[in-house]
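Descriptive analysis of the structure
These are the residues of each chain, in order.
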Amino acid sequence: MATGKLTIDLDALISNWKALDSMTACETAAVVKADGYGLGADRVARALARAGARKFFVAVAEEGVALRQALGPGPEINVFSGHMSGDTDMISDMQLVPMLNSIDQMLRHVEALPGAPFGIQLDTGMNRLGMEAAEWGAVREIAASQNPTLVMSHLACADDPEHPMNPTQLRVFHEMTAGFDAPRSLAATGGILLGEDYHFELTRPGIGLYGGMPFVDATPVAALSIPVLQVRDVEEGETVGYSNTWMAERPSRVATIAAGYADGIIRAMGAEAWVHAGDTPCKIIGRISMDLIGVDITDLGEEPDHLDLLGRHQSVDTLADAAGTIGYEILTSMGARYGRRYKG
Ligand SMILES: *Cc1c(COP(=O)(O)O)cnc(C)c1O
């Protein structure tokens, strides 16, 4: 087989959820949008539901449909993008709870599905999703009469605990929800780490569950092992890969492994990235191709049958740094060609 093997440790996932849950006195939901940050929303959500998670969040109604099929009736499935035109049947048939982001969405929802549950998303400064103060003022009374399940907002800078945007958004959230009788939620992973002022009645961690920063104490969840297709000797002065960007400065052994940018291994990370043979780091060399990557194994002293891109020695965030991106993008780019194995 020439496909990478992605191992997803569900026990690690559960221990991350429990660790984040134990940092607060309130309820902890789980964000499983983008197919559970690339790791498989169905398996991830079922594992978390078994561990005690009762509330889930997805980005769009279509993800909610798939999640309901995986979870069955019971767990609450919330949709960040709210109630868009075309969503009504999915919301109703699959018992999804839209987070309404505008007056238009609120009118659509109460007209199409009177009495159906909904939450409200408020904008407290990120200017991405949610009602602004003036809009909220106009519908607040109507909303209150319908008993929303949740009032939520999202922090723009929670990965930086010192950022002044955090207390600013917290203050605005307090102002906008003062006297409003509904459970509140402000914190994702970063917000949980900011402390109890940010916790309210529900937190919504995503990345921390999957082993990513800013949850520094997270247990790694994803491991990626890539088969070696071929090993060759390269003489001093010979080049490897497209555009001859790497030239051997000594007689070298080069392994070609079976993954590339079509599998979400970002081409730009080439010059900075490493793979591991057991405990030994080996440098990625030359351009990352669509399906192949060259690796310098000269100092290894053996021929490995696979090399690890993600695992004990290299986290999603280390890899993200090499590519100038964030762990979120590494995880959600993980390719469809990998063989996936769930542990736990
Ligand atoms: C993605 C998302 C989350 C989860 O954020 P993490 O940083 O992954 O914990 C929570 N709330 C909203 C609105 C989101 O878009």
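Because the structure is predicted, anything quoted here is derived from the model rather than measured. (Residues numbered from 1 in each chain as written. Predicted model: local features only at pLDDT ≥ 70, side-chain atom pairs only at ≥ 80, totals over all residues. Heavy atoms only, no water.)

What to know about the nonpolar core
Within the largest apolar cluster, 81 residues are counted, with the highest numbers of intra-cluster contacts made by Leu 39, Phe 56 and Met 269. When residues of this core are assigned to domains, at least three fall in each of domain 1 (10-210) and domain 2 (222-343). Among the nonpolar cores identified, the runner-up in size contains 22 residues, and Phe 118, Trp 136, Phe 173 and Leu 194 belong to it. (Core = buried A, V, L, I, M, F, W, Y, C linked by side-chain atoms within 4.5 Å. Buried < 20%, exposed > 50% of the residue type's maximum accessible area, 1.4 Å probe, protein only. Domains from an automatic or database assignment.)

Overview of the pattern of salt bridges
Taken as a whole and assessed by the stated rule, the structure comprises 11 salt bridges. Measuring nitrogen to oxygen at the nearest pair gives 3.2 Å for the salt bridge that ties Glu 175 to Arg 171. Here Glu 175 pairs with Arg 171, and both are found in helix H8 (residues 165-177), just four residues apart, close to one helical turn. A salt bridge links Arg 253 to Asp 233; the shortest N-O distance between them is 3.1 Å. One end of the pair, Arg 253, is in strand E14 (residues 252-257); the other, Asp 233, is in strand E11 (residues 222-234), with 20 residues separating them in the sequence. A cluster of three or more residues bridged by salt bridges with shared partners is formed by Asp 233, Arg 253 and Glu 303. (Salt bridge = Lys/Arg side-chain N within 4 Å of Asp/Glu carboxyl O. Helix = DSSP H or I, 4+ residues; strand = E, 2+ residues; numbered from the N terminus.)

Some points on the site of the ligand
If you check the shell around the ligand, you find 14 residues, and the closest are Lys 33, Tyr 37, Thr 189, Ile 207 and Tyr 328. At 3.4 Å, a side-chain N or O of His 154 approaches a nitrogen atom of the ligand. For the ligand, an oxygen atom lies 2.5 Å from a polar atom in the side chain of Thr 189. Notes on the ligand: free accessible area 390 Å², of which the protein chains cover 92%. Here the residues of the shell around the ligand sort into eight nonpolar, three polar and three charged. (Near = heavy atom within 4 Å. Polar contact = N/O pair within 3.5 Å; in protein donor to acceptor, adjacent residues only side chain to side chain. Areas by Shrake-Rupley, 256 points an atom, 1.4 Å probe, with all protein chains shown as cover. Nonpolar A, V, L, I, M, F, W, Y, C, P; charged D, E, K, R; others polar.)

So, the packing of aromatic side chains
Applying the stated rule across the entire model yields five aromatic pairs. Their ring planes at 35 degrees and their centres at 6.1 Å tell us that Tyr 37 and Tyr 328 sit as a pair that is tilted. Of this pair, Tyr 37 sits in helix H2 (residues 33-37) while Tyr 328 sits in helix H11 (residues 327-332), placing them 291 residues apart in sequence. Taken together, the aromatic side chains of Tyr 37, Tyr 210 and Tyr 328 make up a single cluster linked through ring pairs. A cation over an aromatic ring shows up here: Lys 283 above the ring of Trp 274, its NZ or CZ 5.3 Å from the ring centre. (Phe/Tyr/Trp six-rings, centres within 6.5 Å; stacked < 30°, edge-to-face > 60°. Lys NZ or Arg CZ within 6 Å of the ring centre and 35° of its normal.)

Observations regarding the sheet that holds strand E7 (residues 119-121)
If you trace the seven strands from one edge of the open sheet to the other, you get E3-E4-E5-E6-E7-E8-E9, paired in parallel fashion. Edge strands, defined here as strands with exactly one partner in the open sheet, are strand E3 (30-31) and strand E9 (184-185). One ladder, built from two bridges, connects strand E8 (residues 151-152) with E9; its direction is parallel. Across the sheet, residue Val 151 finds its bridge partner in E9, namely Arg 184. (Pairing = 2+ DSSP bridges.)

Considerations on the domain arrangement of the chain
Splitting the chain by domain gives domain 1 (10-210) and domain 2 (222-343). Contacts between the two partners involve 10 residues from domain 1 and, on the opposite side, nine residues from domain 2. Summing the contributions of domain 1 and of domain 2, the shared interface buries around 900 Å²; its carbon and sulfur component is 64%. Of all residues in domain 1, the largest losses of buried area upon contact with domain 2 belong to Tyr 37, Leu 39 and Ile 207, amounting jointly to 50% of the total for that side. The tally of links from domain 1 across to domain 2 stands at zero salt bridges. (Contact = heavy atoms within 4.5 Å. Buried area = accessible area lost by both parts, 1.4 Å probe.)

Description of helix H7 (residues 133-145)
Three- or four-residue spacings in an α-helix give side chains the same orientation, since the helix completes a turn every 3.6 residues. The first and last C-alpha atoms of H7 sit 18 Å apart over 13 residues, in line with the 18 Å expected at 1.5 Å per residue. Residues of H7 that are buried sit in contact with helix H6 (103-112), E7 and H8. Asn 147 sits one or two residues past H7 and shows a positive phi near 50 degrees. (Expected span 1.5 Å × (residues − 1).)

With respect to helix H3 (residues 41-51)
Turning to H3, its buried residues number three or more, namely Ala 41, Val 44, Ala 45, Ala 47, Leu 48 and Ala 49. Each element contacted by the buried residues of H3 is listed here: helix H1 (10-22), E3, H2, strand E4 (55-58) and helix H4 (61-71). Gly 52, located one to two residues past H3, shows a positive phi value of around 120 degrees.

A closer look at the side chain of Asn 101
On the secondary structure map, Asn 101 appears in the loop between strand E6 (96-100) and H6. Using a relative accessible area of 8% as the deciding quantity, one classes Asn 101 as buried. Residues within four places of Asn 101 in sequence aside, it is in contact with Phe 80, Ser 81, Gly 82, Gln 121, Leu 129, Gly 130 and Met 131.

So, the pairing of strand E16 (residues 280-285)
Taken together, the four bridges between strand E15 (residues 274-277) and E16 define a ladder with antiparallel strand orientation. Residue Ala 277 lies in a different strand from E16, and its bridge partner there is Thr 280. The antiparallel pairing of E15 with E16 creates a hairpin that spans two residues between the two strands, and Gly 278 there sits at a positive phi of about 60 degrees. Of the strand pairs in this sheet, E16 and strand E17 (residues 293-296) are connected by three bridges, and their pairing is antiparallel. The residue of E17 that forms the bridge with Ile 285 is Gly 294.

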